[in-house]
Amino acid sequence: MRIIWRLLAFLRPFWGWVVLSVILSAATFFAGIGLLGTSADLIARAALQPGIAALQVSIVGVRFFGISRAVLRYLERLVSHSVNFRLLAQLRVWFYKRLEPLSPARLQDYRSGDVLQRAIGDIETLENFYVRVLAPPLSAILITAGMGWFVGQVDWRLGLVLAGGLLAGGAGISLLAFWIGQKAGAAYVQDRAQLNAEMVSVIQGITDLVAYSQELIVKQRVEHLLEVTSRSQRRLVLGNGLVNGLMVALTNLTLVLVLWFAIPLVEGGALEGYRLAVLAVLTLASFEAVNSLPQAAQLLRGNVESAARLFELSDQTPAVVEPVCPVKVPESQTPRLSINHLTFRYADRSMPTLNDISLSLTPPKKIAIVGESGAGKSTIIQLLLRYWEYEKGEILLNGVDYKNLDSRDIRRFFGVVSATPYLFSATLRQNLLIARPDADKQQLLTIIERVGLKNWLDSLPNGLDTWVGEHGKLMSGGERQRLAAGRALLSNAPFILLDEPTSGLDSLSELQLMQTLFNLFRERSILWVTHRLIDMEQMDEIIVLQAGQVIERGKHNRLLAAGGIYAGLWQGQQRIFWD
Ligand SMILES: Nc1ncnc2c1ncn2[C@@H]1O[C@H](COP(=O)(O)OP(=O)(O)OP(=O)(O)O)[C@@H](O)[C@H]1O
Ligand SMILES: [Mg+2]
């Protein structure tokens, strides 16, 4: 119930339109019933050959209801769909705004297909919420009351029977449908979500699956999920059939009861005989208004399920809660970044991932962080980008603690080149523009030239408008890294974070790319996370990290002379390189 209230809250800005649409919908039903009623009246009376003058009122009635029904139906569709699409647009924007701060820390617990299913499938399911779930019962209430009263004018028992029949259909059979929907509908929504999540993950990893000849096994798994999904869909459809059958039976039962009470009235002279036909047709026509209610009840179940999945994700608190009144980062000619005694632990770990880390950066200072895999190097970068909240210590940007700053304001100061930069399935131009949306063509071409991609660009027939393929698949690893460097360059950020930007490249390309990066970012500060100890002489400081702790730090020559862990790593790599 709470979920339904929360969904209704989204309708608040449009409630005037909602009321209008319910009134139009009820009016359309009334016009439909009126059309059939006056038609039956016309035909039944005409059979008695009373002369054209006596039929005038019925003829005008048929015309009036015929035309008004068409006009009302059109207006009702116009208003209800406009409310619906506005509601959907509002839901989509709201969900995206909630999702953004959850990334990446909270979203890592979800499969990307699942998040996609929530953002697209579940919101699409809610498309039904207004037009097919909420509006029909409201107009059915108006029809039941209106027709009960109207037929009750002839005899109160007739009104009672009709209203009772409509109520039993609208409420009783709908409850049954809701109960079926609760079981089969919920199962179907979940099975479908699971199937979609699996399909997305299979399609994303298809190349590796084929390489390991796993496609048949995966095919079987997908087929199994398909089977499960179609089984729950079949159960849902069977339930629908039962409900439809019951509704037809109830309609006819009501008709029989209406005639049961009406025929004696004709015999007693209280009702003209031809009016029996009108009563019968009015009864059947009234049921049109409740026919769609069982389906609405079933859809309600699916809607609640989908809404629950949306709220479950959107209700997560972001890993980093933004300050209520953020301080603006003070402008400064020489930006300063300092990490003081920083300690951090991932929520599911018992030991701290980083322990008492301190460092400071001011352009053009360059720091390298080296250390074994899992030492916590990338975690430092993630903390600097404000992806996670830390426990102890502080990070200061121009003297202000991160906890008092807005994340967006912080991220303006950083350019990132990671081991696997994310390229969007878009053009080269669009991939560069994410770093500075207002950059013009000349600026982009200059950047391309500076990162060493000019020759490559010249070989492309579409130049900057070349599509880079799914996640940049049509580019080589080195080209992707250079493009990512171009983004960092374009952003003008004073601090450049390099997280193993050359991984996956051969030694020569690695040297070339690192030289390019050092040249490009000569004026800026670099924090370079690396396994490979090249160009270490250029670094102002090298920090050796082990299990989240700094075990050695200093300049290359001093560390070599000290003969510690760094010296060992260096000598090891030299040997491998020269052998
Ligand atoms: N999102 C996460 N949730 C939980 N634990 C994590 C997460 N990311 C990393 N870890 C753990 O934190 C530790 C440090 O990881 P981190 O990625 O910082 O290492 P790294 O030094 O960059 O290693 P590599 O050189 O392999 O990239 C590892 O033990 C890792 O398993
Ligand atoms: Mg790493």
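Please read all numbers here as calculations on a predicted model, not as lab measurements.

Participant: Looking at this structure, I do not really get the environment of Leu359. What am I missing?
Facilitator: With respect to the helices and strands, Leu359 occurs in strand β2 (residues 354–361). For the pair Leu359 and Leu337, spaced 22 residues apart in sequence, the C-alpha separation works out to 8.4 Å. The residues contacting Leu359, other than those within four sequence positions of it, are Leu337, Ser338, Ile339, Ile367, Ile369, Leu527, Ile543 and Arg553.

Participant: Would you mind showing me how to read the packing of helix α2 (residues 15–46) against helix α9 (residues 275–286) here?
Facilitator: To describe two helices that pack against each other, one gives the angle between their axes and the distance between the axes. Running from N to C, α2 and α9 point in directions that differ by 160 degrees, and their axes come no closer than 8 Å. Between α2 and α9, the angle is such that the two are roughly antiparallel. When the axes of α2 and α9 are compared, the crossing they make is right-handed. Touching Ile33, Leu36, Gly37, Ala40, Asp41 and Ala44 of α2 are Arg275, Ala277, Val278, Val281, Leu282, Ala285 and Ser286, all from α9. Tallied by class, residues from the contact of α2 with α9 come to nine nonpolar, two polar and two charged.

Participant: How should the sheet that holds strand β3 (residues 366–371) be read in this particular structure?
Facilitator: Pairing between the strands of a sheet is mediated by backbone hydrogen bonds and can be parallel or antiparallel. The strand order across the open sheet formed by six strands is β6-β7-β8-β3-β9-β10, and the pairing between neighbours is mixed. What marks the edges here is a single partner per strand, and that holds for β6 (414–417) and β10 (549–554). Neighbouring strand axes in the sheet, compared pairwise and without regard to direction, differ in orientation by 20 degrees on average. In this sheet, strand β8 (residues 525–529) lies alongside β3 in parallel orientation, the contact comprising four bridges. The residue of β8 that forms the bridge with Ala368 is Trp528. Packing against the sheet, helix α12 (residues 377–384) makes contact with β3, β6, β7 (495–499), β8 and β9 (541–546), and its axis sits at approximately 145 degrees to β7. Sheet strands in contact with helix α17 (residues 477–490) are β6 and β7, and its direction is about 180 degrees off that of β6.

Participant: Would you take a moment to explain the sheet that holds β2 for this structure?
Facilitator: On the basis of which strands lie adjacent, the open sheet formed by four strands has the order β2-β1-β4-β5 and antiparallel pairing. Single-partner strands in this sheet number two, and they are β2 and β5 (400–401). Two elements, strand β1 (residues 337–344) and β2, share five bridges in a ladder whose sense is antiparallel. Following the sheet pairing, Leu342 is matched in β2 by Ile357. Those strands touched by α12 are β1, β2 and β4 (392–397), and its axis lies near 120 degrees from that of β1.

Participant: Would you mind going over the nonpolar core with me for this structure?
Facilitator: Nonpolar side chains in soluble globular proteins generally cluster together in the buried interior. Counting residues in each nonpolar core, the largest one holds 44 residues, and the members touching the most others are Trp528 and Tyr566. Residues in contact with Tyr566, not counting those within four places in the same chain, are Val370, Leu533, Met536, Ile542, Val544, Glu552, His556, Leu559 and Leu560. Among the nonpolar cores identified, the runner-up in size contains 36 residues, and Val329, Ile339, Ile380 and Ile410 belong to it.

Participant: Where do I start with the site of ligand 1 in this structure?
Facilitator: Taken together, 16 residues lie near ligand 1, and Gln108, Ser373, Lys377, Ser378 and Thr379 sit nearest. At 2.7 Å from an oxygen atom of ligand 1 is found a side-chain nitrogen or oxygen belonging to Ser378. Glu500 places a polar side-chain atom, nitrogen or oxygen, 3.5 Å from an oxygen atom of ligand 1. About the coverage of ligand 1: the protein hides 71% of its 630 Å² of free accessible area. The residue makeup of the shell around ligand 1, split by class, is three nonpolar, eight polar and five charged.

Participant: I would appreciate a short explanation of the domain arrangement of the chain in the present structure.
Facilitator: Interface size is commonly expressed as the accessible surface area that is lost when the partners come together. According to the domain assignment, the chain contains domain 1 (89–314) and domain 2 (337–578). Spacing between the C-alpha centres of domain 1 and domain 2 amounts to 52 Å.

Participant: Sorry, what's going on with the pairing of β4 here?
Facilitator: When a strand is regular, its side chains alternate between the sheet's two faces. In this sheet, β4 lies alongside β1 in antiparallel orientation, the contact comprising five bridges. Bridge assignment links Ile339 to a residue of β4, and that residue is Ile395. Where β4 and β5 come together, two bridges link them in antiparallel fashion. Paired with Leu397 across the two strands is Val400, which belongs to β5. Here β4 folds back onto β5 in antiparallel fashion, the turn holding two residues, of which Asn398 has a positive phi close to 50 degrees.

Participant: What is the right way to look at α9 in this model?
Facilitator: It helps to recall that an α-helix has 3.6 residues per turn; residues three or four apart then point in one direction. Given a rise of 1.5 Å per residue, twelve residues ought to cover 16 Å, and the 16 Å separating the end C-alpha atoms of α9 matches this to within 8%. When we look at burial in α9, the residues that qualify are Val278, Leu279, Ala280, Leu282, Thr283, Ala285 and Ser286. Where α9 is buried, its residues meet α2, α5 (127–152), α6 (156–204), α8 (215–267) and α10 (288–291).

Participant: Which parts of the structure should I look at to understand a nonpolar patch on the surface?
Facilitator: The grouping of Ile67, Val71, Tyr74, Leu75 and Leu78 at the surface amounts to a nonpolar patch, some 490 Å² of accessible area in total. Of note, Val71 is situated in helix α3 (residues 52–99).

Thresholds, definitions, all that
Residues numbered from 1 in each chain as written. Chains lettered and ligands numbered in written order. Predicted model: local features only at pLDDT ≥ 70, side-chain atom pairs only at ≥ 80, totals over all residues. Heavy atoms only, no water. Helix = DSSP H or I, 4+ residues; strand = E, 2+ residues; numbered from the N terminus. Contact = heavy atoms within 4.5 Å. Axes fitted to C-alpha atoms, helices over the stretch in contact; angles between N-to-C directions. Parallel < 35°, antiparallel > 145°, perpendicular 65-115°, else oblique. Left-handed = near helix turned anticlockwise from the far one by under 90°. Nonpolar A, V, L, I, M, F, W, Y, C, P; charged D, E, K, R; others polar. Pairing = 2+ DSSP bridges. Core = buried A, V, L, I, M, F, W, Y, C linked by side-chain atoms within 4.5 Å. Buried < 20%, exposed > 50% of the residue type's maximum accessible area, 1.4 Å probe, protein only. Near = heavy atom within 4 Å. Polar contact = N/O pair within 3.5 Å; in protein donor to acceptor, adjacent residues only side chain to side chain. Areas by Shrake-Rupley, 256 points an atom, 1.4 Å probe, with all protein chains shown as cover. Domains from an automatic or database assignment. Expected span 1.5 Å × (residues − 1). Patch = residues over 30% accessible without salt bridge, like charges linked within 9 Å, V, L, I, M, F, W, Y side chains within 5 Å. Salt bridge = Lys/Arg side-chain N within 4 Å of Asp/Glu carboxyl O.

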